[in-house]
Amino acid sequence: MGEITNVSEYEKIAKEKLPKMVYDYYASGAEDQWTLKENERAFSRILFRPRILIDVSKIDLRTTVLGFNISMPIMIAPTAMQKMAHPEGEFATARAASAADTIMTLSSWATSSIEEVASTGPGIRFFQLYVYKDRNMVAQLVKRAEKAGFKAIALTVDTPWLGRREADIKNRFTLPPNLTLKNFENIDLGKMDKTNDSGLVSYVAGQTDRSLSWKDIKWLQTITHLPILVKGVITAEDAQLAVQYGAAGIIVSNHGARQLDYVPATIMALEEVVKATRGIIPVFMDGGVRRGTDVFKALALGASGVFIGRPVLFSLAAAGETGVRKVLQMLRDEFELTMALCGCRSLKEIRRDHIVTEWDRPRIAPRL
């Protein structure tokens, strides 16, 4: 394969390099995988209305997220078990994020611990949290993240039960024997039993708290001073509740289409959520972002930034830290080009009227 020219090309390389069980785990979605395809496809139903003859000799991509300055509104989403992709796993991802001056979110189910990732050097990092039945353990985990200098908690709220990922059932997915869920190693929850279906399903059913509810956001606020992002909101009703319960921000996410199939693509759900928050808290999104044009579309619909997941895993599998750096650079370059060609010199110049969606075409014709 010659020069890699876009993010999606890494998936093909990853598929060739990775064991089938691992590739399928990263790549697959729930059930019919309708939402999986839709997450990417839905971006193609949004078109640009570029403005011309604007001086775009200087373009500023910088932004702030929860008060932290970063180089661009493109961040790294939490993805589990990265050492299945590459021996350096989360270390490589953390270094790549830091080099790109952006935020990495570390998964609860990482194959490197909170402390190990912190030891890779400076960088702004968020910690993604699954709430286990043992609340003392959850409190310990959050304290560890705080102590290690992580700056926010991304509370995943769309996984009271694990979605049905049929590839994992067929492959009897389990964590390879040389790896553990490092954050839980010292309390004997780091290993996953081999089962007759997906080992992860059994693990989640056994450990995570299905009774998690809105009041637990209040409980989290009693154990940490870190801002809490609610990850997994896709409706206006839940967006309003997130604001009411004191969330610091929302991540519009359908868990990479791995939980409930036939929910809308996140880019389709985004505007509804943004409107419902009335600008009180920032709204981010993940799911299906593969191009700089996708990033622009998300921002035009009101997102404050996007998170990428699978592109990180696939580039990590293909080329380690170098691959992840390249993915971040390619998305950055494409996004910058999109801004220039749409006539936007800074993020605040990206407006709703720079795009037209299938659901608002009639609205757009201006009276001249």
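Thresholds, definitions, all that
- Residues numbered from 1 in each chain as written.
- Predicted model: local features only at pLDDT ≥ 70, side-chain atom pairs only at ≥ 80, totals over all residues.
- Heavy atoms only, no water.
- UniProt positions renumbered as here; feature names shortened; annotations may be inferred.
- Axes fitted to C-alpha atoms, helices over the stretch in contact; angles between N-to-C directions.
- Helix = DSSP H or I, 4+ residues; strand = E, 2+ residues; numbered from the N terminus.
- Parallel < 35°, antiparallel > 145°, perpendicular 65-115°, else oblique.
- Left-handed = near helix turned anticlockwise from the far one by under 90°.
- Contact = heavy atoms within 4.5 Å.
- Nonpolar A, V, L, I, M, F, W, Y, C, P; charged D, E, K, R; others polar.
- Buried < 20%, exposed > 50% of the residue type's maximum accessible area, 1.4 Å probe, protein only.
- Pairing = 2+ DSSP bridges.
- Phe/Tyr/Trp six-rings, centres within 6.5 Å; stacked < 30°, edge-to-face > 60°.
- Lys NZ or Arg CZ within 6 Å of the ring centre and 35° of its normal.

- Under an unreviewed UniProt entry, the name given to the chain is (S)-2-hydroxy-acid oxidase, and the organism recorded is Rubus argutus.
- Taken verbatim from the UniProt record of the chain, the Sequence similarities (unreviewed entry) comment is "Belongs to the FMN-dependent alpha-hydroxy acid dehydrogenase family."

1. Concerning the packing of helix α12 (residues 292–300) against helix α13 (residues 310–342)
Moving on, step 1. At their nearest, the axes of α12 and α13 sit 7 Å apart, and the two run at 60° to each other. Taken together, the axes of α12 and α13 are oblique relative to one another. Judged by the twist between their axes, the crossing of α12 over α13 is right-handed. Every residue of α13 that contacts α12 at G292, T293, V295, F296 and L299 is listed here: L331, E334, F335, T338, M339 and C342.
Moving on, step 2. Among the residues making up the contact of α12 with α13, the classes are represented as seven nonpolar, three polar and one charged.

2. Regarding the pairing of strand β7 (residues 152–156)
If a strand is regular, its side chains alternate between the two faces of the sheet.
Moving on, step 1. For β7, the tally of buried residues reaches five of five residues, placing the bulk of the element in the interior.
Moving on, step 2. Side chains A152, A154 and T156 of β7 all project onto a buried face; the interleaved residues I153 and L155 project onto the opposite face, where all are buried too.
Moving on, step 3. As paired strands, strand β6 (residues 125–129) and β7 are joined by four bridges and run parallel to one another. Along β7, the bridge assignment pairs F127 with I153.
Moving on, step 4. Here β7 pairs with strand β8 (residues 228–233) via four bridges, running parallel. When the bridges of β8 are listed, L155 appears paired with V230.

3. Some points on the packing of aromatic side chains
Moving on, step 1. Tallied over the full model, the rule gives ten aromatic pairs.
Moving on, step 2. Between F127 and F150 the ring centres are 6.3 Å apart and the planes differ by 90°, which places this aromatic pair in the edge-to-face class. With F127 in strand β6 and F150 in the loop between α6 (135–147) and β7, this residue pair connects regions lying 23 residues apart in the sequence.
Moving on, step 3. With a centroid separation of 4.5 Å and 20° between ring planes, the pair formed by Y132 and F184 is classed as stacked. With Y132 in the loop between β6 and α6 and F184 in the loop between α7 (166–171) and α8 (199–207), this residue pair connects regions lying 52 residues apart in the sequence. Like F184, Y132 is buried.
Moving on, step 4. Here the aromatic residues Y25, Y26 and F173 are joined through ring pairs into a cluster of three or more.
Moving on, step 5. Looking at R258, its charged tip hangs above the ring of Y25, at a distance of 4.7 Å from the centre.
Moving on, step 6. Positioned above the aromatic ring of F48, the side-chain terminus of K297 is 5.3 Å from the ring centre.

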